[in-house]
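Per-entry structural report
The chain contents come next:
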Amino acid sequence: MSDHPKATVSGNTATPTRRTHRPDLWASIAAAVISALAVWGDYVRRAVSGTDTWHNSPSYAVAAVALVLALTAALTCALTWVFRRADAALERNTMAPSSDPSSELPDAATPATTPTSTALTTDAWFVSMRGHRLRPTLLFLACWAPYLVIRFPGNLDPDTQWQLLEAYGMAPRSDHHPWFDTLVFGAFWRLRSFGGLIPSHLPSLLLYALAQMAATAAVFALVIGWMRFLGLPRGLVRASIVFLAAYPAVPLFAQTMAKDMLYGWVYVLFVLLMAEAARTRGSAFASHRFVVWLTVAAMLLMLTKKTGAITVLLCGIVLVCAIRRLRVRATVCLGLALVLVAGVWQHAALPAMGVAPGESKETMTMTSQQTALYIRWYGDELTDDDWRVLEGVYTEAHELGDVYVPSRADATKDRWRSDAPSEAVHAFFRWYAGAMARHPEVFAIALSATALPVIYPDTTSLGDESYVSYRDNLDEAPDTADAAQMEPFLLGMTQGQATLDEVQRTITRTAQRPHWAHVVSQGFDRVYAWVEHWLPVLVLKAVFTTWVPLVCLAYCIRRRHGMGVVMLVPAVVTLATLVAGPVVLPRYIVPCVYALPLTIAACATAASPRYADRAGAPTSGASSR
């Protein structure tokens, strides 16, 4: 039986005829999961702090259970209200005529009760976007322009500086950071200042910032156009525009030269195309234009970040299993992208360019953190044979517990021996399985401690990078503390292939922010810090990575919207990669922030005027059980 109001139709509106105050089942489930994760995160934070003892007492267990119940009750009430309001909005939207102002299709004003199979095609979506992409693109760029002035002439990630050394042949070529990104950044950096007329790389950075902002804005315009084409609720479309245009982290990300920001807009394009394929149950693959776009997007996703291959593979498997039509073409499309990048690019093109593959330690993040915490807590239980096993795969294994940092795995994974023989690796995993059986709580706590920002409202574990923000990485002078720390690091990365003077002339001394821009940037940072302190919920990582996707997933299941669940698979995969990653830095959640409107839109697609008839979505009284 339904937990939300039934509706009768009067004209084009849905009028509630019955109201119930019973809590919604799926709202309760989502609330319970969020509450349990938050309280578990508090326990993990206390456990790894090294100073807290209350978490081991019975009183803490009682308080934790009470807090979970209280949070669940409060969130259940809030989510029940949200779900019912969403039901009412979707019912009104389904009963109303399609009101896509940008569509020039002849049936754009046809009521939802009239078949709209023509308007539902992917090619029709492409046609509807002609001439309607420029205005939202310019709107986004205009709203982001003040942030480019604040961070003039853009921003530069520390990892990007390492990549630039590789692009200039000042460091060994490696695919540790995607080589494709290195080529793109190096190409812009070589633009110099209009042929080297000015001894600075700031114009190169400005050109890159403008190019990436334009690409990001154009993809966002496609998202807005898709939502309008489907006739999704106007409130959702307007809220998406406001969020993408006004949320400060979006332009701060978009103007930064970094692999995660380059990956971000590609990720949104890939998720949008996957959502279209799911919406049409696979019919989108009948469009040759769509097949080309999805193949290119999938390839770029894998080229710009290592986790892109996992995203394409897992999302592709779920999509092919879920769609009804053209499964072979979908398999060929995504399979071709995987073969060209994971096969040809990785195993033929990169070796031909003299680029070394990424080290195996990057895949040992989770196990290294767990092993280090095990040694710290239970090192006295290890036998000589255990230590020999660990020494076979870790450098100075006895020190793993000392270098362990709960929030980031760099210090532990860097001790993994990439050249360890397979016999030593197999012996390690046998020991790992036995240790997990003896003390499973260590492995759960270590995993959760690194992923704390995505399961808990964390505001302290990473200092100023604990929130959704992006710090100013360009100095105004060469004698600052950051520059003094960065230059020795970059010099070490060259491994003797460049001198300090060459590093300075190529990067650190030719990419410094003007004094006026530095003053403006510092003032903005103070204001942003005030927002972080007083309104932390607006900048919590868990909101974007976990809480919103989880609520949307519960809502889709509640409405029996299977294709909506498929649309949320990229968000679930991204969350999994964050949990298994070395640290949850702000730039790592760029995809989650950029794709937030699409995540929420997945809930609404089944009840849109242009989708209800084809998808068989409930238009009233959707069951919550």
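What counts, and at which threshold
- Every chain is numbered independently, its residues counted from 1 as its sequence is written.
- Residue-level local features of this predicted model are given only where pLDDT is at least 70; pairs of side-chain atoms are given and counted only at 80 or more, and the full residue set underlies all totals for whole chains, interfaces and linings.
- Note that water and hydrogens are dropped before the side-chain values are worked out from all heavy atoms of the structure.
- Orientation is described by lines fitted to C-alpha atoms, with helices fitted over the stretch in contact, and by angles between N-to-C directions that extend from 0 to 180 degrees.
- Secondary structure elements follow DSSP: runs of H or I no shorter than four residues count as helices, runs of E no shorter than two count as strands, and numbering proceeds from the N terminus.
- Here is the rule for angles: anything less than 35 degrees is roughly parallel, anything more than 145 is roughly antiparallel, 65 through 115 is roughly perpendicular, and the remaining ranges are oblique.
- Each crossing is labelled by how the near helix is turned from the far one, with a counterclockwise turn of less than a right angle marking it left-handed and a clockwise turn marking it right-handed.
- Residue contacts follow a heavy-atom distance rule, with two residues in contact if any of their heavy atoms lie within 4.5 Å.
- Residues are grouped as follows: nonpolar covers Ala, Val, Leu, Ile, Met, Phe, Trp, Tyr, Cys and Pro; charged covers Asp, Glu, Lys and Arg; every other residue, Gly included, is treated as polar.
- Only protein chains enter the accessibility calculation, which uses a 1.4 Å probe; a residue is then buried when its area is under 20% of its type maximum, exposed when over 50%, and partly exposed in between.
- For Phe, Tyr and Trp, where Trp contributes only its six-membered ring, two rings pair if their centres lie within 6.5 Å, and the inter-plane angle classes them as stacked under 30 degrees, edge-to-face over 60, or tilted in between.
- Salt bridge criterion: a side-chain nitrogen from Lys or Arg within 4 Å of a carboxyl oxygen from Asp or Glu.
- Buriedness of a pocket was judged along seven lines, with at least five required to meet protein on both sides within 12 Å; pockets are open sets of points on a 1 Å grid over the protein atoms alone, cavities are sets where a 1.4 Å probe fits but cannot get out, and lining residues have an atom within 4 Å of a point.
- Grid points are joined across faces, edges and corners, and a volume is the space filled by probe spheres set on the points.
- The term nonpolar core refers to a set of buried residues drawn from Ala, Val, Leu, Ile, Met, Phe, Trp, Tyr and Cys, joined through side-chain atoms within 4.5 Å.
- Scored between 0 and 100, pLDDT is the confidence that the predictor attaches to each residue.

For the rest of this paragraph, the subject is the packing of helix α7 (residues 202-229) against helix α10 (residues 259-279). The relative placement of two packed helices is expressed as an angle between their axes plus a distance between the axes. Packing of α7 against α10 leaves a shortest axis separation of 9 Å and a crossing angle of 20°. Compared by their axis directions, α7 and α10 come out roughly parallel. The hand of the α7/α10 crossing is left-handed. In this structure, α7 uses Tyr208, Gln212, Ala215, Thr216, Val219, Phe220, Leu222, Val223, Trp226 and Phe229 to contact α10, whose residues at the interface are Met261, Leu262, Trp265, Val268, Leu269, Leu272, Ala275, Glu276 and Arg279. Looking at the contact of α7 with α10 residue by residue, the class counts come to 15 nonpolar, 2 polar and 2 charged.

Counting buried residues in helix α28 (residues 596-604) gives 8 out of 9 residues, a clear majority hidden from the surface. Within α28 the residues assigned to the buried category are Leu596, Pro597, Leu598, Thr599, Ala601, Ala602, Cys603 and Ala604.

Once that is clear, we can look at the packing of aromatic side chains. Counted under the stated rule, the structure contains 32 aromatic pairs. Taking 5.1 Å as the distance between ring centres and 25° as the angle between the ring planes, the aromatic pair formed by Phe243 and Tyr247 counts as stacked. Considered together, Phe243 and Tyr247 belong to a single accessibility category, that of buried residues. Ring geometry for Trp416 against Phe428: centres 5.6 Å apart, planes inclined by 70°, an arrangement best described as edge-to-face. With a gap of 12 residues between them, Trp416 in the loop between α17 (410-413) and α18 (422-438) and Phe428 in helix α18 connect regions that are remote in the sequence.

Our next topic: the pattern of salt bridges. The final tally for this structure, using the stated rule, is 27 salt bridges. With its nearest N and O atoms 2.8 Å apart, the salt bridge here joins Asp87 to Arg559. Note that Asp87 is positioned in helix α2 (residues 58-95) and Arg559 in the loop between α24 (541-558) and α25 (562-567), a separation of 472 residues in sequence. For the pair shown, Asp87 and Arg559 are each scored as buried. Residues Arg587 and Asp159 are paired through a salt bridge, measuring 2.8 Å at the closest nitrogen-oxygen approach. Placement of Arg587 in the loop between α26 (569-579) and α27 (590-594) and of Asp159 in helix α5 (residues 158-167) is noted, with a sequence separation of 428 residues between them. Exposure remark for Arg587: the relative accessible area of 6% places this residue in the buried category. Classification of Asp159 by relative accessible area gives buried; the value is 18%. What you see here is one network of salt bridges that share partners, running through Glu359, Lys361, Glu362, Arg408, Asp410, Lys413 and Asp414.

A word on the layout of surface pockets. Here the second largest pocket is characterised by a volume of approximately 790 Å³. Every residue lining the second largest pocket is counted, 27 residues in all, and those nearest its centre are Val82, Ala86, Val551, Cys552 and Ile600. Among the secondary structure elements, those contributing two or more residues to the lining of the second largest pocket are α1 (25-49), α2, α8 (234-246), α24 and α28. With 11 residues, α2 is the single largest residue contributor to the lining of the second largest pocket. Taken together, the residues that form the lining of the second largest pocket break down as 23 nonpolar, 2 polar and 2 charged.

Under the counting rule described, the total for this entry stands at 4 cavities of 30 Å³ or more. Considering only enclosed or pocket space, the largest cavity measures out at about 160 Å³ in volume. Tyr267, Val271, Ala571, Ala595 and Thr599 are, among the 19 residues lining the largest cavity, the residues nearest its centre. Per element, the largest residue contribution to the lining of the largest cavity is 4 residues, and it comes from α28.

This paragraph deals with the nonpolar core. Ranked by internal contacts, the top residues of the largest apolar core, which has 145 residues, are Phe270 and Phe285. With 16 residues, α10 is the single largest residue contributor to this core. Setting aside chain neighbours within four positions, we find Phe270 in contact with Leu294, Ala297, Ala298, Leu301, Thr311, Val312, Cys315 and Leu334. Core analysis: the second largest hydrophobic core is formed by 29 residues, Ile375, Leu382, Phe428 and Ile445 among them.

Moving on: unusual backbone geometry. With an omega of 5°, the peptide bond between Phe152 and Pro153 qualifies as cis. Mapped onto the elements of the fold, Pro153 is located in the loop between α4 (134-150) and β3 (155-156). The phi dihedral of Gln495 is positive, around 50°, even though this residue is not glycine. Within the fold, Gln495 resides in the loop between α21 (481-494) and α22 (500-508).

Scored by pLDDT, the chain comes out at a mean of 86, with 87% of its residues at no less than 70. Across residues 1-17, confidence stays below pLDDT 50; counting only partners more than four residues off in sequence or on other chains, it has 49 contacts. This model gives residues 98-118 a pLDDT under 50, and the stretch forms 36 contacts once residues within four places in sequence are excluded.

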